[in-house]
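Spelled out, the chains give:
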Amino acid sequence: MRKIIINGGKLLKGEVAVSGAKNSVVALIPAIILADDVVTLDGVPAISDVDSLIDIIELMGGSVKRDGETLEIDPRGVKDMPMPFGKINSLRASYYFYGSLLGRYGRAIVGLPGGCDLGPRPIDLHLKAFEAMGASISYETDAMRLATDGQPLHGAHIYMDTVSVGATINTMIAAAKAKGRTIIENAAREPEIIDVATLLNNMGAHIRGAGTDIITIDGVEKLHGTRHQVIPDRIEAGTYIAMAAAIGQGIRVTNVLYEHLESFIAKLEEMGVRMTVEEDAIFVEKQDNLKAVTVRTSPYPGLATDLQQPITPLLLKAEGRGSIIDTIYEKRVNHVPELARMGADISVLGGQIVYQGPNKLVGAPVKATDLRAGAALVIAGLMAQGQTEITSIEYILRGYSNIIEKLTALGADIQLLEA
Ligand code: UD1
């Protein structure tokens, strides 16, 4: 069992570079199996979700070369084989193989997706879209079988009942090689959707409107190789910005696209956080006199649910009473009891998180129950007096590239221990 040990209270300073976006790359890699040639990705983060996806591609018969942040995927050897168990169950984004296998072979047997426990996370919208494109769905033990009747998928007019990142991307992937036109209405607008559409278009797909709520895909017969730079991870950027505001003595977060973080930055400004937006970086000053605010998450361009947990330790430093309302995942509150264990005045009341500050945190043994809760605990550990021991850190390593090295370079006393 691995754990992270933090001796808190150190003042952090310097520069930290954001890696490529996890939520893009976990869709880009499965999408690549639609290509008839090698696709190269640059800016690939060093996270365990990427390791798992590489293993899956290799298991399917594809070949992958990894050199630092560059990934060269040759999908030509990928075979039409069932993928019910193993790595596929370890990450939620394995659902993108439904779309890409259906698009390539017209059938897929893939295990049910795993991932962080944020309460119920249905995939009905993905399945409804595949059915509208001509696939039928049946269930096997721990796996789902999707198949057309021997014909390729066909275009369809799809209205998403709920705005869903995963369902929008999966439909785009499946529709890229479908026969005819697919229109997605009420599509999600996250930057990662534009990134996946850009890759597919550079592979020869015809996708228009990604980044708006209506996306049109005209299916093509073949997709070819290309080279693609993954966009910066806006959630990792937000995490480091929140950390810098909570404990920094002047920290520059680089490789940041400000436009992807506007609602988050606006919320920090409302708290009184002082920072400067530079060309591709954000400089966060040392802070004092922060005020408590209400945080409400919503689909992009609203404040990301994935930043709700990482911003919580910073809120605890602010003066006054505030709340967090997560309209996407109401049950995304696993960090709350752990922060309370560290001395925070925070609780869950009537579907909201309520907090009263300012708080002085003290080190404690805590558990990272999901990826972003883990990030919150790392920040809290850096702020706290004394030692914090974080267990279940596999979640953190799924999504934060070189986090120990990045924080150590800023002056943190943080270690990963193989217990
Ligand atoms: C993606 C992100 C995740 C982020 C989430 C919301 C990836 C790999 N993960 O997850 O980090 O927290 O977006 O921004 O990109 N829903 C349904 N039926 C469905 C699909 C979703 O009801 O078929 C609901 C969900 O329960 C949730 C809402 O729609 O309440 C949004 O979920 P969705 O955008 O699909 O999340 P993911 O794509 O799984």
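Just above, that's the structure.
Let me sum up the structure you'll find in this document. Residue positions are given per chain, counting from 1 as you read along its sequence in written order. Confidence filtering applies because this is a predicted model: local features only for residues at pLDDT of at least 70, side-chain atom pairs given and counted only at 80 or more, and all residues used for totals across whole chains, interfaces and linings. To get the side-chain values, all heavy atoms of the structure are used, and hydrogens and water are removed first.

Comments concerning the packing of aromatic side chains
Ring pairs (aromatic) are described by centroid distance and by the angle formed between their planes. This is how the line gets drawn: In summary, the pairing rule links any two rings of Phe, Tyr or Trp, Trp by its six-membered ring, whose centres are within 6.5 Å, and it sorts them by plane angle into stacked for under 30 degrees, edge-to-face for over 60 and tilted for everything else.
In this structure the tally under the stated criterion is one aromatic pair. Ring geometry for Y95 and Y96: centres 4.8 Å apart, planes at 85°, overall edge-to-face.

Focus on unusual backbone geometry
Basically, it comes down to this: Secondary structure elements follow DSSP: runs of H or I of four or more residues count as helices, runs of E of two or more count as strands, with numbering from the N terminus.
Cis geometry is found at the peptide bond from Y300 to P301, where omega equals 15°. Within the element layout of this structure, P301 appears in the loop between β17 (294–297) and α9 (305–317). You will see that N186, though not glycine, has its phi angle at about 60°, which is positive. Summarising the element assignment, N186 is placed in the loop between β10 (181–185) and α6 (191–202). Of note in the backbone geometry, N289 takes a positive phi value of approximately 55° without being a glycine. Positionally, N289 belongs in the loop between β16 (281–284) and β17.

Some details on the pattern of salt bridges
Cut-off, in case you're wondering: The term salt bridge refers to a side-chain nitrogen of Lys or Arg lying within 4 Å of a carboxyl oxygen of Asp or Glu. Between buried and exposed lies partly exposed: a residue is buried under 20% and exposed over 50% of the maximum accessible area for its type, with that area taken using a 1.4 Å probe on protein chains only.
Enumeration over the complete set of coordinates arrives at 24 salt bridges. In this structure, E278 engages R252 in a salt bridge whose closest nitrogen and oxygen atoms are separated by 2.8 Å. Remark: R252 occurs in strand β14 (residues 248–254) and E278 occurs in the loop between β15 (275–277) and β16; sequence separation between them is 26 residues. On the basis of relative accessibility, which here comes to 26%, the residue R252 falls in the partly exposed class. As a salt-bridge pair, E285 and R274 come within 3.0 Å of each other at their nearest N and O atoms. In this pair, E285 sits in the loop between β16 and β17 while R274 sits in the loop between α8 (262–271) and β15, placing the two residues eleven residues apart along the sequence. For E285, a relative accessible area of 29% puts it in the partly exposed group. Residue R274 is classed as partly exposed on the basis of its relative accessible area, which comes to 33%.

Overview of the environment of K222
Using the following cut-off: Residue contacts follow a heavy-atom distance rule, with two residues in contact if any of their heavy atoms lie within 4.5 Å. Pairs of N or O atoms are called polar contacts if they sit within 3.5 Å, as long as, within protein, a hydrogen donor faces a hydrogen acceptor (for residues adjacent in sequence, only side-chain-to-side-chain pairs).
Mapped onto the elements of the fold, K222 is located in the loop between β12 (214–218) and β13 (226–229). Beyond its immediate stretch of four places on either side in the chain, K222 contacts D36, K177 and M203. At 3.3 Å, the side chain of K222 forms a polar contact with the side chain of D36.

Here's the deal with the sheet that holds β12
Strands belonging to one sheet form pairs held by backbone hydrogen bonds; the direction of such a pair is parallel or antiparallel. This is how it is decided: Think of it this way: DSSP has to see at least two bridges between two strands before they count as a pair. Helix axes are fitted to C-alpha atoms over the stretch in contact, other axes to C-alpha atoms as well, and angles between N-to-C directions run from 0 to 180 degrees.
With respect to topology, four strands assemble into an open sheet ordered β9-β10-β12-β11, the strand pairing being mixed. Strand pairing shows two members of the sheet lacking a second neighbour, β9 (157–159) and β11 (206–208), which therefore form its edges. The mean inter-strand angle of the sheet, taken between neighbouring strand axes irrespective of direction, is 15°. Alignment of β11 against β12, held across three bridges, turns out to be antiparallel. Bridging across to β12, H206 finds its partner in D218. Helix α5 (residues 165–175) rests against β9, β10, β11 and β12 of the sheet, and its axis sits at about 175° to β10.

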